[in-house]
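Fold and geometry: a report
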Amino acid sequence: MISAGKVHLFEDLLTQKTRRRNMNTTSTHFVPPRRFEIYEPLNQMSMWEESFKNNGGMYTPSSITIPTNEKPDSLSEDTSHGTEGTPHKFDQEASTSRHPDKIQRRLAQNREAARKSRLRKKAYVQQLETSRLKLIHLEQELDRARQQGFYVGNGVDSTNALGFSDNMSSGIVAFEMEYGHWVEEQNRQICELRRVLHGQVNDIELRSLVENAMKHYFQLFRMKSTAAKIDVFYIMSGMWKTSAERFFLWMGGFKPSDLLKVLLPHFDLLANQQILDVCNLRQSCQQAEDALSQGMEKLQHTLAESVAAGKLGEGSYIPQMTCAMERLEALVSFVNQADHLRLETLQQMHRILTTRQAARGLLSLGEYFQRLRALSSSWATRQREPT
Amino acid sequence: MDKVMRMSSEKGVVIFTKSSCCLCYAVQILFRDLRVQPTIHEIDNDPDCREIEKALVRLGCANAVPAVFVSGKLVGSTNDVMSLHLSGSLVPLIKPYQSFLN
């Protein structure tokens, strides 16, 4: 690749070549800066060779080294200074010709042109570097946005570039922003729990941390409840969650009994009664979840019936829409009920465990979700790499 | 309301529902899983539907249905039933009415 500067230099060469022909002079007196030799692609080499051949033999190939095998990435801008350091035989011959001033002037022009070319190249490279950094920064922002569940256009939906769907109301946008803050606070709390549990901590401080963590989850459920009234489909689909979290989605959130199953082995020092209580809790959870799931299936069934009611194919379906809308109202209740289940599970665990166990449990729970979020972003990065 | 009082004090688990209510259905499923056969009153098929609804709301069920009574006493709506169950307090309540015959 040849920079703009070099093109100018070549243009200089060409015009000189033409001028030489016109001037009918036999002396070329032109010595390229040595650094030129490093970058030359083959066609420009022939240009060079041609310009020297025009001199009618005043040049002997051996006197000017134009190495073709030089590595293109030896970007040493300093070699240009060596131009005058090792004068070629040709140079010596030229200085004895008829126009020493012209030669000097030409040499000076060349040096100047080369210098400008280097400066231009430097500016260009710097520009590339800045753009590259900008691109990395943008990619990171995109990743962060994806992680926080912003629906960044992956081509599936009719969303615009940096993803707010046209359907997204301001309430949902507000929810997503709030959720971003929620995650930040969550991460901070997890760090705090981790730090405190590693050292000596009194029960009062621990209890306060546990209370805060619980309140933090309750806050999320309140946020979801508000958002569900605005767009229940958004909540049901877990749109604000990362992809791996969505894989485990049940009724717009995590499934309490699954979570208990995952975390149970990580609770330390459980008394027998505690183990029994947790197992009973898990079973009750499963039964409640099962009941809600079946209720949801019935809702889907009745909704489908409502949408398909009457004659399909007539092209008018306003009464069906009205009926279906009424059915959909129930979806909000289901989402709320699922969150209620999550809340109750948390509270029961809080009741069953000691303060320290609860702190440990909340830490494990928090980090589990952190890992799921990390998995989502690792997976996304992995897919972007070429195979 | 008399009708509600009468119906709710029937033996065992009594649930007031509406045929279109899927949460009511969920609650029924839960009791069935707990091996209880609740008595279901679908109030939208009852001529006094409006009255019954009002009465249930007055008793404390915000959406009227589902309204669950056990042994004549009001347990509550879906939320209450779920909370009770998770705390382990529901099963003792319905124990007399659980049947373990398949």
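All values derive from a computational prediction rather than experimental measurement.

Brief notes about the pattern of salt bridges
Residue and element names in this part refer to chain A. All chains considered together, the criterion is met by 13 salt bridges over all chains. Measuring nitrogen to oxygen at the nearest pair gives 2.9 Å for the salt bridge that ties Glu 185 to Arg 188. In this pair, Glu 185 and Arg 188 are both assigned in helix α6 (residues 170-198), three residues apart and thus about one turn of the helix distant. Glu 185 gets classed as partly exposed once you look at its relative accessible area, which sits at 27%. Looking at Arg 188, the relative accessible area reads 46%, which means it is partly exposed. One salt bridge in this structure joins Asp 339 and Lys 224, with 2.8 Å as the shortest N-O distance. Residue Asp 339 is located in helix α12 (residues 318-352), and its partner Lys 224 is located in helix α7 (residues 203-230); the two are separated by 115 residues in the primary sequence.

Considering unusual backbone geometry
For the bond running from Val 65 of chain B to Pro 66 of chain B, omega is -5°, close enough to zero to count as cis. Residue position: Pro 66 of chain B is located in the loop between α3 (49-59) and β3 (67-70). Although it is not a glycine, Met 251 of chain A adopts a positive phi angle of roughly 50°. Positionally, Met 251 of chain A belongs in the loop between α9 (243-247) and α10 (256-263).

Topic: the interface of chain A and chain B
Accessible area lost upon the coming together of the parts serves often as the stated size of an interface. Residue-level contacts link 23 residues of chain A with 18 residues of chain B. Interface area for chain A against chain B, summed over the two sides, is near 1800 Å², with a carbon-plus-sulfur share of 63%. Ranking the residues of chain A by area buried against chain B places Gln 287, Lys 298 and Gln 337 of chain A at the top, with a combined share of 27%. Taken together, the connections running from chain A to chain B amount to zero salt bridges. Taken together, the links from chain A to chain B amount to seven residue pairs in polar contact (both at pLDDT 80 or more).

Some words on the packing of helix α11 (residues 272-308) of chain A against α12 of chain A
When two helices pack together, you describe them by how their axes are tilted relative to each other and by the distance separating the axes. It is at 10 Å that the axes of α11 of chain A and α12 of chain A come closest, and there the two elements cross at 175°. The angle between α11 of chain A and α12 of chain A places the two elements in the roughly antiparallel class.

Here's the deal with a nonpolar patch on the surface
All names here are of chain A. A cluster of nonpolar side chains, namely Tyr 124, Val 125 and Leu 128, defines an oily patch on the protein surface of about 270 Å² accessible area. Relative to the helices and strands, Leu 128 resides in helix α5 (residues 100-147). The class of Leu 128 is partly exposed, set by a relative accessible area of 46%.

A few points about the layout of surface pockets
If you add up the space inside the largest pocket, you get close to 790 Å³. Around the largest pocket sit 32 residues that line it, and Ala 330 and Ser 333 of chain A together with Leu 23, Asn 63 and Val 65 of chain B are the ones nearest its centre. Residue assignment for the lining of the largest pocket shows that the elements contributing at least two residues are α7 and α12 of chain A together with α2 (22-33) and α4 (78-86) of chain B. Broken down by element, the lining of the largest pocket gets its largest block of residues, 11 residues, from α12 of chain A. Taken together, the residues that form the lining of the largest pocket break down as 13 nonpolar, 11 polar and eight charged.

Here's the deal with the confidence of the model for chain B
On average, residues of chain B score 91 in pLDDT, and 98% of them are at 70 or above. Across the assembled chains, the prediction reports ipTM 0.94 with pTM 0.66.

Observations concerning the nonpolar core
The tendency in soluble globular proteins is for nonpolar side chains to be buried as a group. Of all hydrophobic cores here, the largest spans 82 residues; its most connected members are Ile 235, Leu 292 and Phe 334 of chain A together with Phe 16 and Leu 56 of chain B. No other element matches α7 of chain A, which puts 12 residues into this core. If sequence neighbours within four positions are ignored, Leu 56 of chain B has contacts with Val 4, Phe 16, Cys 61, Ala 64, Val 65, Ala 67 and Phe 69 of chain B. By size, the runner-up hydrophobic cluster in this structure holds 15 residues, among which are Ala 291 of chain A together with Leu 30, Phe 31 and Val 81 of chain B.

Quick notes on α10 of chain A
Listed in full, the buried residues belonging to α10 of chain A are Pro 256, Ser 257, Leu 259, Leu 260 and Leu 263 of chain A. End-on view of α10 of chain A: buried residues confined to an arc of 160°, all on one side of the axis.

A short note on the packing of aromatic side chains
Scanning the entire structure with this criterion turns up 11 aromatic pairs over all chains. Judged by centre distance (6.3 Å) and plane angle (80°), the ring pair of Tyr 179 of chain A and Trp 240 of chain A falls under edge-to-face. Of this pair, Tyr 179 of chain A sits in helix α6 while Trp 240 of chain A sits in the loop between α8 (232-236) and α9, placing them 61 residues apart in sequence. Residue Tyr 179 of chain A is classed as buried on the basis of its relative accessible area, which comes to 3%. Here the aromatic rings of Phe 247 of chain A and Phe 248 of chain A are separated by 5.3 Å at their centres, their planes lie at 75°, and the arrangement is edge-to-face. We classify Phe 248 of chain A as partly exposed; its relative accessible area is 43%. An aromatic cluster of at least three residues, connected via ring pairs, comprises Phe 175, Tyr 179, Trp 182, Tyr 217, Tyr 234 and Trp 240 of chain A. One cation-aromatic arrangement involves Lys 298 of chain A over Tyr 25 of chain B; the distance from NZ or CZ to the ring centre is 5.1 Å. The ring of Trp 379 of chain A carries Arg 382 of chain A above its face, with NZ or CZ at 4.1 Å from the centroid.

Some thoughts on the side chain of Glu 289 of chain A
Residues and elements named next belong to chain A. Note that Glu 289 resides in helix α11. Buried and unpaired, Glu 289 has Lys 255 as its nearest opposite-charge partner, separated by 4.4 Å. Other than its neighbours up to four places away in sequence, Glu 289 contacts Trp 250, Lys 255, Pro 256, Ser 257 and Leu 341.

What counts and what doesn't
Residues numbered from 1 in each chain as written. Chains lettered and ligands numbered in written order. Predicted model: local features only at pLDDT ≥ 70, side-chain atom pairs only at ≥ 80, totals over all residues. Heavy atoms only, no water. Salt bridge = Lys/Arg side-chain N within 4 Å of Asp/Glu carboxyl O. Helix = DSSP H or I, 4+ residues; strand = E, 2+ residues; numbered from the N terminus. Buried < 20%, exposed > 50% of the residue type's maximum accessible area, 1.4 Å probe, protein only. Contact = heavy atoms within 4.5 Å. Buried area = accessible area lost by both parts, 1.4 Å probe. Polar contact = N/O pair within 3.5 Å; in protein donor to acceptor, adjacent residues only side chain to side chain. Axes fitted to C-alpha atoms, helices over the stretch in contact; angles between N-to-C directions. Parallel < 35°, antiparallel > 145°, perpendicular 65-115°, else oblique. Patch = residues over 30% accessible without salt bridge, like charges linked within 9 Å, V, L, I, M, F, W, Y side chains within 5 Å. Areas by Shrake-Rupley, 256 points an atom, 1.4 Å probe, with all protein chains shown as cover. 1 Å grid on protein atoms, 1.4 Å probe; cavity = no way out; pocket = protein on both sides within 12 Å on 5 of 7 lines; lining within 4 Å. Points joined across faces, edges and corners; volume = space filled by probe spheres on them. Nonpolar A, V, L, I, M, F, W, Y, C, P; charged D, E, K, R; others polar. pLDDT = per-residue confidence, 0-100. Core = buried A, V, L, I, M, F, W, Y, C linked by side-chain atoms within 4.5 Å. Arc of directions from axis to C-beta. Phe/Tyr/Trp six-rings, centres within 6.5 Å; stacked < 30°, edge-to-face > 60°. Lys NZ or Arg CZ within 6 Å of the ring centre and 35° of its normal. Lys, Arg positive; Asp, Glu negative; His and termini not counted.

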